Amino acid sequence: MPREEAKCENTRLRVPMRRCRDGSIRSSDDGSVMESERRDRIIEPIVNANPPGKERSISAKPFVIPKRLVWNAWRLVRANRGSAGVDEISLDLFERDLKNNLYQLWNRMSSGSYFPPPVREVMIPKKSGGERPLGIPTVSDRVAQATVRLMLEPQVEPHFHEDSYGYRPGKSAHQAIAVTRKRCWWHDWVLEFDIRGLFDNIDHQLLMKAVRHHTTNRWVLLYTERWLSAPVQQQDGTLRSRIKGTPQGGVISPLLANLFLHYAFDSWMMREFPKLPFCRYADDGLIHCRTLKQAQYVHARLAQRLNECGLEIHPGKTKIAYCKDLHRRQEHEHIQFDFLGYTFRPRRSFDRYGRLFTNFSPAIARSAAKALRQEVRSWRLQLKSDKSLDDLARMCNATISGWFN
């Protein structure tokens, strides 16, 4: 192609020029301005580059779900272990092709095409007798639920009541026991209540109303609704549709149950009985009252409130107890109650001066102590005479230390 030269008037530099097919004359250096690199290399424009730890802001997916969120959800599921679901894929089998499995899950969730598989139902024995159903989702579904929980929990957690201790970060059963122990010193009566089949009887419409109150995230709302309506595969292989409740055993179920009871019980107590302290751990709770008449009134109102929310108070596990001690010497049918594996009842104690007196305090419950004894018997230590003391210590110390702690 013929070339022409142009002279710069100020600098007198000779810049090579070339004539294009359209007849226009351009400088040879224009290519370095219009193109970011040579033709054999492609450089992504700077506007699409992401800061460290950030996802692309422009996506063709209808839902923007960070991949890092899915990865953190997998780490939580891996740490909690658990068995396989209806697809019979265990954690180890899922991890063999972890990259593709997580990408497939993220891709489906981001596109809105993820539908939860059925939940495998397993009947497990209860300490009080009988059995209760436990729902086991698949590994991929547990990761999906953990992803939604990581997004939803920071939005609802600040609104929960400080005396709600079940399944919450930074809260434990020991904190609930410590608070209850002090409140029994100042309140003579305790209403102990239990909600029958909480996870099986949660109303879906009321629950989704509470979820929409705290978030407008479309994919959180979408998948929460799909999990609530996912079928249950019974032990004989048949599928059962679910019109209420959330499977006990799901990753997101404890958070949804806490959110439901926050409005069904916690907020109602603060509104109707603001001067009565209470303590709740999931579906078990205590309400401290001044008089027996007040406790009976609260009992009737609580049963009515739970009935309005589609729940039922357990008649066999709900009672009014009298906190009898040195200064409270009335007689009542119940002078003790069980809460979170501890029995609160009058006990002999020593004050700071070494004097003996009657105190209302907690200690390990008989049912919990029986479970510990059965666990120790299951080790069959009498048949391990070939083991040294150090070997037995390595086998048992982890469990025993947990009990002491």
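Our subject is the structure that appears above.
In this text the structure is predicted, and so the values were computed from the model without any measurement. (Residues numbered from 1 in each chain as written. Predicted model: local features only at pLDDT ≥ 70, side-chain atom pairs only at ≥ 80, totals over all residues. Heavy atoms only, no water.)

1. Focus: the overall build of the protein chain
Across its full length, the protein chain carries 12 helices and 14 strands. Burial analysis of the protein chain (405 residues in total) assigns 37% to the buried set. Here the analysis covers contacts within the protein chain between residues at least 6 apart in sequence; of these, 63% occur between residues at least 24 apart. Accessible area of the protein chain: about 25,000 Å², with a carbon and sulfur share of 51%. (Helix = DSSP H or I, 4+ residues; strand = E, 2+ residues; numbered from the N terminus. Buried < 20%, exposed > 50% of the residue type's maximum accessible area, 1.4 Å probe, protein only. Contact = heavy atoms within 4.5 Å. Areas by Shrake-Rupley, 256 points an atom, 1.4 Å probe, with all protein chains shown as cover.)

2. A look at the packing of aromatic side chains
In total, this model carries 13 aromatic pairs according to the counting rule given. Aromatic side chains Tyr167 and Tyr281 sit 6.0 Å apart centroid to centroid with 45 degrees between the ring planes, which places their arrangement in the tilted category. Placement of the pair is Tyr167 in the loop between helix H5 (139–156) and helix H6 (173–186) and Tyr281 in strand S9 (residues 278–281), with a sequence separation of 114 residues. With a relative accessible area of 39%, Tyr167 lands in the partly exposed category. Relative to Phe265, the ring of Phe193 lies with its centre 5.1 Å away and its plane at 50 degrees, an arrangement referred to as tilted. With a gap of 72 residues between them, Phe193 in strand S6 (residues 189–194) and Phe265 in helix H9 (residues 253–272) connect regions that are remote in the sequence. Comparing Phe193 with Phe265, the two get one shared label, buried. (Phe/Tyr/Trp six-rings, centres within 6.5 Å; stacked < 30°, edge-to-face > 60°.)

3. Regarding the packing of helix H4 (residues 98–111) against H5
Between H4 and H5, the shortest axis-to-axis distance is 11 Å and the interhelical angle comes to 55 degrees. Considered as vectors, H4 and H5 are oriented oblique to each other. Remark: the crossing between H4 and H5 carries right-handed chirality. Along the contact surface, H4 presents Leu102, Leu105 and Met109, while H5 presents Ser140, Val143, Ala144, Thr147 and Val148. In terms of residue class, the contact of H4 with H5 is made up of 6 nonpolar, 2 polar and no charged. (Axes fitted to C-alpha atoms, helices over the stretch in contact; angles between N-to-C directions. Parallel < 35°, antiparallel > 145°, perpendicular 65-115°, else oblique. Left-handed = near helix turned anticlockwise from the far one by under 90°. Nonpolar A, V, L, I, M, F, W, Y, C, P; charged D, E, K, R; others polar.)

4. Some thoughts on the nonpolar core
One finds Met109, Trp219, Ile287 and Leu302 to be the most contacted residues of the largest nonpolar core, which totals 65 residues. Among all residues touching Ile287, those that are not within four sequence positions of it are Trp189, Val190, Leu191, Phe193, Phe265, Met269, Leu276, Pro277, Phe278, Val298 and Leu302. Of all hydrophobic cores here, the second largest spans 13 residues; its members include Tyr165, Cys323, Phe339 and Phe360. (Core = buried A, V, L, I, M, F, W, Y, C linked by side-chain atoms within 4.5 Å.)

5. Description of the packing of helix H2 (residues 67–80) against H5
For any two helices packed against each other, the geometry is given by the interaxial angle and the distance between the axes. Two elements in contact, H2 and H5, have axes whose closest approach is 8 Å; the angle formed by their N-to-C orientations is 115 degrees. Pair H2 / H5 crosses with right-handed handedness. Across the interface between the two elements, Leu69, Val70, Asn72, Ala73, Trp74, Leu76 and Val77 from H2 touch Val139, Arg142, Val143, Ala146, Thr147, Leu150 and Met151 from H5. Looking at the contact of H2 with H5, its residues break down into 11 nonpolar, 2 polar and 1 charged.

6. Quick look at H4
Given a rise of 1.5 Å per residue, 14 residues ought to cover 20 Å, and the 20 Å separating the end C-alpha atoms of H4 matches this to within 8%. For H4, the full list of buried residues reads Leu98, Asn101, Leu102, Leu105, Trp106, Met109 and Ser110. All buried residues of H4 project into a common sector of 155 degrees when viewed along the axis, lining one side. The secondary structure elements touched by the buried residues of H4 are H2, helix H3 (91–96), H5 and helix H8 (218–228). Within two residues after H4, Gly112 carries a phi angle of roughly 80 degrees, on the positive side. (Expected span 1.5 Å × (residues − 1). Arc of directions from axis to C-beta.)

7. Some thoughts on the sheet that holds strand S14 (residues 356–364)
The strands that make up a sheet pair up through hydrogen bonds in the backbone, lying either parallel or antiparallel. With respect to topology, 3 strands assemble into an open sheet ordered S12-S13-S14, the strand pairing being antiparallel. Each of the sheet's edge strands pairs with one partner strand only, and the pair in question is strand S12 (337–339) and S14. Sheet twist, expressed as the average angle between the axes of neighbouring strands with direction ignored, equals 50 degrees. (Pairing = 2+ DSSP bridges.)

8. Brief notes about unusual backbone geometry
In the Ramachandran plot, Arg81 falls in the positive-phi region, its phi being about 60 degrees despite a non-glycine side chain. By the secondary structure assignment, Arg81 is in the loop between H2 and H3. Exposure remark for Arg81: the relative accessible area of 43% places this residue in the partly exposed category. The phi dihedral of Tyr167 is positive, around 55 degrees, even though this residue is not glycine.

Read these as spatial facts, not as claims about activity.
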